[in-house]
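Descriptive analysis of the structure
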Amino acid sequence: MAEYEKLGTHRQTFLPAPVSDTFVRGCGIVAGGLAAVGVICAAVGSIGGGIAVGIVALLPATLASVRGRQNRQNRSARLDLFDYGMTVYRTGEQIAGFRWDTAEVRQQVIPFQNTARAEYSLEMSGPDGAQASFDDTEFADAREWGRAIQSAITGTQLPRAVATIDRGDIMQFGDIGLDLTALIFRNQVYPWERIQLIDARSGLVRIKVDGSWISLAPVAAIPNFYIFNELAERLRLPATA
């Protein structure tokens, strides 16, 4: 896949995060306990009650089976970074490859410096239809790979986005558009000189316009959020100076 996508030299591999089987063990204990109650019910003559309890026991047993299968699948997963892109692999799935110059990344929560614990949950997509979602519970060293992916995509695509704006075109980020004069959201136009702040700390992008906060789109709905944020601030700050 790396050769096919022309991703260049391999730089780093991230392997699965340590797996906790607490959930699986808990479900197994509950299922076993319910199964024992069902047997007791049947033994004392309550066949219907035993069957009912047995059916209920199937739920935690099924959850334990599904989670155990996911854990086994994740143990052989790997995330590889290259000069010009990345690949994601899981057992039983086709390898997904993405180039820094064409990939879109959506991040559920944007970490800030005062965040006690940063969560990394990324959704990748490519122009060829490739998709992959993964988070810090699946791959170890999430802070490292999360920053590396965002930095590579931002550094590669930002110059092209700036050139698009400079030509007078609109740069679209989901439902939000940016151009030289304003931020556009669902046919509403907000001139840069009226936008006092842009905030995304609550998981929702908000802008402060003429002293009032206006909610826009969730952070997770904005592709390449860091490019969006960099462009927006470059356009807003000179207009409000």
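Per an unreviewed UniProt entry, the chain goes by DUF6585 family protein and derives from Nocardia xishanensis.

Some words on the environment of L158
Tracing the sequence through the fold places L158 in helix α3 (residues 142-166). A relative accessible area of 12% means that L158 is categorised as buried. When the C-alpha positions of L158 and D101 are compared, they lie 9.5 Å apart, and in sequence the two are 57 residues distant.

Comments concerning the side chain of D80
Among the secondary structure elements, D80 is positioned in strand β2 (residues 78-82). Judged by its relative accessible area of 6%, D80 falls in the buried class. Setting aside residues up to four positions removed in sequence, D80 forms contacts with H10, Q12, T13, G85, M86 and T87.

Observations concerning the sheet that holds strand β8 (residues 171-173)
Spatial ordering of the open sheet is given by β8-β9-β10-β11, a layout of four strands whose pairing is antiparallel. The open sheet has two edge strands, β8 and β11 (188-191), and neither has a second partner. Strand-to-strand twist in this sheet, taken as the mean axis angle between neighbours without regard to direction, amounts to 20°. Relative to strand β9 (residues 176-178), β8 runs antiparallel, the two being bridged by three bridges. Its bridge partner being in β9, Q172 is matched across the sheet by G177. The strands touched by helix α4 (residues 225-240) within the sheet are β8, β9 and β10 (182-185), with β9 carrying the most contacts at an inclination of about 45°.

Here's the deal with the pattern of salt bridges
Using the criterion set out here, one finds 13 salt bridges in the structure. With a shortest N-O distance of 3.5 Å, D199 and R201 are connected by a salt bridge. Notably, a salt bridge pairs D199 with R206, separated by 3.6 Å at the nearest N-O pair. The class for D199 is buried, based on a relative accessible area of 14%. Because the salt bridges share partners, they merge into one network encompassing R90, E93 and E138.

The rules we used
Residues numbered from 1 in each chain as written. Predicted model: local features only at pLDDT ≥ 70, side-chain atom pairs only at ≥ 80, totals over all residues. Heavy atoms only, no water. Helix = DSSP H or I, 4+ residues; strand = E, 2+ residues; numbered from the N terminus. Buried < 20%, exposed > 50% of the residue type's maximum accessible area, 1.4 Å probe, protein only. Contact = heavy atoms within 4.5 Å. Pairing = 2+ DSSP bridges. Axes fitted to C-alpha atoms, helices over the stretch in contact; angles between N-to-C directions. Salt bridge = Lys/Arg side-chain N within 4 Å of Asp/Glu carboxyl O.

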